[in-house]
Amino acid sequence: MISNSKLLFVCLSLLASISGGLFIPLAAQNPIIRNQFTADPSARVFNGKIYVFPSHDIRAPEGKNLRKDWFCMEDYHVFSSKNLIDWTDHGVILSQYDPPWVDSTSYSMWAPDCIERNGKYYFYFPAHTKADENGRRSLGIGVAVADKPEGPYLPQAEPIKGVHGIDPNVFIDKDGQAYLYWSQQHIYVAKLKENMLELDSEPYIIPNLPEKGLKEGPWLFEREGIYYLTFPHVENKTERLEYAIGKHPMGPFTMTGVIMDESPTACWTNHHSILEYRGRWYLFYHHNDYSPDFDKNRSIRIDSLFFNEDGTIQKVQPSLRGVGLTPANTEIQLDRYSALSPDGAEIAYIDKNRPFEGWKTILNKPGAWVQYNAVDFGNKKKKRVQIRALAPQGSILELRLNHPGGPLLAGLTLPAGSDWENYDFKIKKTGRGIDNLIVLLRSESELEIDWLQFQP
Ligand code: FUB
């Protein structure tokens, strides 16, 4: 039997495929892309929409003579959203078999970037070159050009001359001058010609950045006259996101601070972009959410980013809740929580052998709770709540608002069930507008929750 939500997903996917993309279920929570691995997100606003150009991690295919413990990327997808919540996958825009200069056995389509100039979209990507007459390969950066952000992208016949490295990033200043940044031990910058395909100055190593520990993944942006050179750097054990500021796209830059600390769960890489959209700032980054035992299979996330009055960046705490509102009448994935009680609450995969099926919240002590912020109850009060749960011995739950001691919305008694069940309850009317939701266990026995959804 197909559930209502799955039926809705199939219909929306069909609609999206007719209009040129694959609809992905609501995902303002982290990670935002839930049907494949994605890493190194380069986020841009084109024509009022957000486009994310990530790397596409895969497991190394058998029989290709590839390292099993390393990054493996064959192609790129692009994703778009108008609201940071609903994402459309526009499919593969470029693969290692397309550019004539790329060694198509190398699976090294690493972190890309894309920028618009005069109505054309320039997609920059690194890859291993084919071997030269001496059998030597190097890392080049190529460009593919399109008329629309979704492609099709036509790759140039050769990589950009004079550039050797990875992690391209392009910035166009207010005076129209474009700059290419990339990394190869150091972080480099060079001017780009008006055609966006050739260097217009010699590559220049940006000085005054940390000397010890890998630096890569540059992302340059400007805000109120300050140029921010941001990049992952291994100060201790794994990469953290740092930044330096200056008054010109080529510096000089002064090291200023840390945007995001090392991952507490030791994902070795982090790689980000920073974007302003409708007056708010966002940090796009990655973590190995769907692959806890292999950190070369990563997933992209978004969290809000804030500036201090002096222009310095406030440190971002990585969250599962992510950004945006969650409509009360959609499946609220409590496991993407804002806060958890210190005792008796945990998150686990629904099926640890199939991580893409997502997570569940486990409450196993009376008083344990999970808090999920920014639920949008809309203009119409809700009178029912559905909850998908596994309650082997039956459970008593409370729904509260604002905080764990906040107003009681409903008390729910879930009869015992030996399998996952969709419980349906009539409740007293909810309020309108935006609120934080708390689900609190009152009974003794363990309860697992997949999602919860309000109905009019
Ligand atoms: O995705 C492969 C490499 O991992 C990127 O090029 C680096 O920035 C790191 O994220």
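Residues numbered from 1 in each chain as written. Predicted model: local features only at pLDDT ≥ 70, side-chain atom pairs only at ≥ 80, totals over all residues. Heavy atoms only, no water.

1. Topic: the layout of surface pockets
Approximately 530 Å³ is the volume attributed to the second largest pocket. Lining the second largest pocket we find 26 residues, and of these T265, H287, D289, R301 and L320 sit closest to its centre. Among the secondary structure elements, those contributing two or more residues to the lining of the second largest pocket are strand 19 (280–287) and strand 23 (345–349). Of the residues that constitute the lining of the second largest pocket, the class distribution is 13 nonpolar, seven polar and six charged. Shared between two domains, the lining of the second largest pocket holds at least three residues of each, these being domain 1 (24–305) and domain 2 (326–455). (1 Å grid on protein atoms, 1.4 Å probe; cavity = no way out; pocket = protein on both sides within 12 Å on 5 of 7 lines; lining within 4 Å. Points joined across faces, edges and corners; volume = space filled by probe spheres on them. Helix = DSSP H or I, 4+ residues; strand = E, 2+ residues; numbered from the N terminus. Nonpolar A, V, L, I, M, F, W, Y, C, P; charged D, E, K, R; others polar. Domains from an automatic or database assignment.)

2. Section: the nonpolar core
L397, L399, V439, L452 and F454 are the most contacted members of the largest nonpolar core, which totals 31 residues. Those elements that place two or more of their residues in this core are strand 25 (369–376), strand 26 (384–390), strand 27 (395–401), strand 28 (408–414), strand 29 (421–426), strand 30 (434–441) and strand 31 (447–455). Not counting chain neighbours up to four residues away, the residues in contact with V439 comprise L334, L363, A368, W369, V370, L397, E398, L399, I449 and L452. Counting residues in each nonpolar core, the second largest holds 23 residues, with M73, I93, C114 and L139 among its members. (Core = buried A, V, L, I, M, F, W, Y, C linked by side-chain atoms within 4.5 Å. Buried < 20%, exposed > 50% of the residue type's maximum accessible area, 1.4 Å probe, protein only. Contact = heavy atoms within 4.5 Å.)

3. A word on the site of the ligand
The environment of the ligand is made up of D40, F71, M73, W110, A111, I166, D167, E216, T269, H271, H286 and R298. Taking D40, its side chain carries an N or O atom lying 2.5 Å from an oxygen atom of the ligand. About the coverage of the ligand: the protein hides 99% of its 270 Å² of free accessible area. Residue composition of the shell around the ligand, by class: five nonpolar, three polar and four charged. (Near = heavy atom within 4 Å. Polar contact = N/O pair within 3.5 Å; in protein donor to acceptor, adjacent residues only side chain to side chain. Areas by Shrake-Rupley, 256 points an atom, 1.4 Å probe, with all protein chains shown as cover.)

4. Some thoughts on the confidence of the model for the protein chain
Per-residue confidence for the protein chain gives a mean pLDDT of 94, with 94% of residues at or over 70. The model gives residues 1–20 a pLDDT under 50, and that stretch makes 14 contacts with residues more than four places away or in other chains. (pLDDT = per-residue confidence, 0-100.)

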